Amino acid sequence: MIKTLVLNASLKHKDNPTPSNTEELAQLVLEHMSKEAQIESEIIRLADYQIDVGLSYKESDSDQWPEIVEKIKAADVVIFATPVWWGQRSSLMQRAIERMDAFDEDYIAGGRSALLGKVAGVVITGSEDGAQQVLGSILEVLTFMNFTIPPQACAYWVGEVGEDPKTDRERRLASKAAPHMAENLAKSLVQFAKMLNENPLNK
C-alpha cells in the first residue's frame, strides 16, 4: 500500500462546492496511480486549515499545521498541488513551504531528515503562463528538504493569455498534454515509492 498525500494549495474554500482545476488534475494523478498499485490517498485543501505564519512546528494553540505534519510523515508520496497566481505559486503553497522549514531545522540539528525516502511530485494549473517557473522554485525546496524527485515529476496545465478564466476547465479537459503528464507522473511516483520501500535510503 502506497500512502499518498496531496497538499492542495487552491484558494477555493470548503464552502465552494466546485472542485478547482488544481484539485481535478491532482485527482487524475491519483486515479492513474491506483491503476499502477494499491494506494491510500488523501487530499488536504490547505485553505480549510488554520496555518499560522511562522517557521516552527507549532505557532499557537489553534495552529493546525502540526496535523498536516503528521500526515506528511506518514506518507510515502507527497504531491504539492498549486495554482499559478501572478506568475508564482499560491500564497498557501508558499505558507506550507515556509512552515516546512522546521523539517530542515531538525535535519540540520540531528543529521536526519523525516522526509528522506519520501517521493514528491508537483501539480500546477493556471490561467496563463508560469508553470515551469513555479515548478523550478518548488523542486529547489523539495530536493533540499530531502524528498526524492523522480523523472517527469510534474503534471501541469496553463491556459493561453487573454482567455476567459471561466473557460479554463473546459479547455483543460480538452487538453491531451495534461492527462498524458498526469499518467507519466503517476507511474514515476509509484515506481519510485516501491523502490524506496524495498530499498530504504540510509538515514
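Residues numbered from 1 in each chain as written. Predicted model: local features only at pLDDT ≥ 70, side-chain atom pairs only at ≥ 80, totals over all residues. Heavy atoms only, no water.

**A word on the overall build of the chain**
Next up, step 1: A tally of regular secondary structure across the chain gives seven helices and six strands.
Next up, step 2: For the chain, the α and β elements follow one another from N to C terminus as β-α-β-α-β-β-α-α-β-α-β-α-α.
Next up, step 3: Since a compact globule built from 203 residues should have a radius of gyration of about 17 Å, the 16 Å found for the chain is in line with a globular shape.
Next up, step 4: Counting only C-alpha atoms and orienting by the principal axes, one finds that the chain spans roughly 50 × 40 × 30 Å. (Helix = DSSP H or I, 4+ residues; strand = E, 2+ residues; numbered from the N terminus. Rg over C-alpha atoms; globule rule 2.2 N^0.38 Å.)

**Brief notes about unusual backbone geometry**
Next up, step 1: Within the chain, Trp86 stands out as a residue other than glycine whose phi angle is a positive 50 degrees.
Next up, step 2: Since its relative accessible area comes to 85%, Trp86 is described here as exposed.
Next up, step 3: At Gln152, a residue that is not glycine, the phi angle is positive and equals roughly 50 degrees.
Next up, step 4: Looking at the secondary structure, you find Gln152 in the loop between α5 (131-144) and β6 (154-158). (Buried < 20%, exposed > 50% of the residue type's maximum accessible area, 1.4 Å probe, protein only.)

**As for the pattern of salt bridges**
Next up, step 1: Counted under the stated rule, the structure contains six salt bridges.
Next up, step 2: When the shortest N-O distance is used, the salt bridge between Glu24 and Arg169 registers 2.9 Å. Of the two residues, Glu24 is situated in helix α1 (residues 21-36) and Arg169 in helix α6 (residues 168-174); the sequence distance between them amounts to 145 residues.
Next up, step 3: Relative accessible area serves as the criterion here: at 41%, Arg169 is assigned to the partly exposed category. (Salt bridge = Lys/Arg side-chain N within 4 Å of Asp/Glu carboxyl O.)

**Overview of the confidence of the model for the chain**
Predicted coordinates in areas of low pLDDT are best not read in detail.
Next up, step 1: With 96% of its residues at a pLDDT of 70 or more, the chain has an overall mean of 91.
Next up, step 2: Of all secondary-structure elements in the chain, the lowest mean pLDDT belongs to helix α4 (residues 101-110), at 70, while strand β1 (residues 2-8) reaches the highest, 98. (pLDDT = per-residue confidence, 0-100.)

**Description of the pairing of strand β5 (residues 119-126)**
Where a strand is regular, its side chains alternate between the two sheet faces.
Next up, step 1: Burial runs high along β5: eight of the eight residues are buried.
Next up, step 2: Taking every second residue as pointing to the same face, both faces of β5 are buried, with Val119, Gly121, Val123 and Thr125 on one and Ala120, Val122, Ile124 and Gly126 on the other.
Next up, step 3: Here strand β3 (residues 77-85) runs beside β5; their pairing, made up of seven bridges, is parallel. By the bridge assignment for β5, Val78 is matched with Ala120.
Next up, step 4: In this view, the connection linking β5 to its parallel neighbour β6 by way of α5 has right-handed handedness. (Pairing = 2+ DSSP bridges. Right-handed = clockwise from strand over helix to strand, strands pointing away.)

**Some words on the packing of aromatic side chains**
Next up, step 1: As enumerated under the stated definition, the model contains one aromatic pair in all.
Next up, step 2: Ring geometry for Phe80 against Phe147: centres 5.6 Å apart, planes inclined by 85 degrees, an arrangement best described as edge-to-face. Taken together, the residues span a long stretch of sequence, with Phe80 in strand β3 and Phe147 in the loop between α5 and β6 at a distance of 67 residues. Of the two residues, Phe80 and Phe147, neither departs from the other in class, the shared state being buried. (Phe/Tyr/Trp six-rings, centres within 6.5 Å; stacked < 30°, edge-to-face > 60°.)

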